[in-house]
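So the chains spell out like this:
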Amino acid sequence: MLDLAGDAGEKVARLDQQVAEMQRTIDTLLTVPNADDNSTLMATVDGLVDKLEALERQRRQVDAAAFLDADLVRRDALGPIEAHLSVLDERLSAVESQLG
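Here's what I pulled together on the structure shown here.

Definitions and cut-offs
- Just so you know, the residues in each chain are numbered from 1, in the order the chain's sequence is written.
- Local features in this predicted model are restricted to residues whose pLDDT is 70 or higher, and side-chain atom pairs enter the listing and the counts only when it is 80 or higher, whereas totals over whole chains, interfaces and linings include all residues.
- Hydrogens are left out, water is left out, and the side-chain values use all remaining heavy atoms of the structure.
- Only DSSP runs of H or I reaching four residues or more are called helices, and only runs of E reaching two or more are called strands; each is numbered from the N terminus.
- Throughout, a residue-residue contact means that at least one pair of heavy atoms, one from each residue, lies within 4.5 Å.
- N or O atoms within 3.5 Å of each other form a polar contact, as long as, within protein, one can give a hydrogen and the other can take it, and as long as residues adjacent in sequence are counted only when both atoms are side-chain atoms.
- Interaxial angles span 0 to 180 degrees and are taken between N-to-C directions of axes, which are lines fitted to C-alpha atoms, for helices over the stretch in contact.
- Angle categories: roughly parallel below 35 degrees, roughly antiparallel above 145, roughly perpendicular from 65 to 115, and oblique for all the rest.
- Each crossing is labelled by how the near helix is turned from the far one, with a counterclockwise turn of less than a right angle marking it left-handed and a clockwise turn marking it right-handed.
- Each residue gets one of three labels, nonpolar for Ala, Val, Leu, Ile, Met, Phe, Trp, Tyr, Cys and Pro, charged for Asp, Glu, Lys and Arg, and polar for the others, Gly among them.

On to the environment of Arg-59, then. Its place among the elements puts Arg-59 in helix H3 (residues 39–65). Taking the C-alpha atoms as reference points, Arg-59 and Glu-21, 38 residues apart in sequence, are found 14 Å from one another. For Arg-59, the contacting residues outside a window of four places in its chain are Val-12, Leu-15 and Asp-16. Among the polar contacts listed, one links the side chain of Arg-59 to the side chain of Asp-16, at a separation of 2.5 Å.

Laid out in structure tokens, this is it:
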């Protein structure tokens with residue numbers, strides 16, 4: 001998620017451009033006469049629509065990541081690990097006090 005947050009503005013702009021280009025390609029293919037009767041063409045369009053949807057999902061993810069506070073994400077991710085390490089540290093101190 002942190003990788004998405006870096007340079008998010010540039011990534012969103014690039015993805016917007018790719019989405020627009022893909023949409024133009026689909027629109028152009030659909031203007032071919034008798035496109036509905038051409039199964040190969042329609043299969044190509046269906047594949048492009050799937051790719052377009054994937055690009056739009058990726059764009060939404062990058063856009064959402066742009067608003068993340070990287071330090072907050074790190075703290076949230078490390079919080080459970082730090083809590084577990086604290087418990088282990090207490091156990092180690094208890095064992096050391098029993099042995100020493």
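To continue, consider the packing of helix H2 (residues 8–30) against H3. As a packed pair, H2 and H3 sit with axes 9 Å apart at the nearest point and diverge in direction by 160°. Viewed along their axes, H2 and H3 adopt a mutual orientation that is roughly antiparallel. In this structure, the crossing between H2 and H3 has a hand that is left-handed. Partitioning the contact of H2 with H3 into residue classes produces 16 nonpolar, five polar and six charged.

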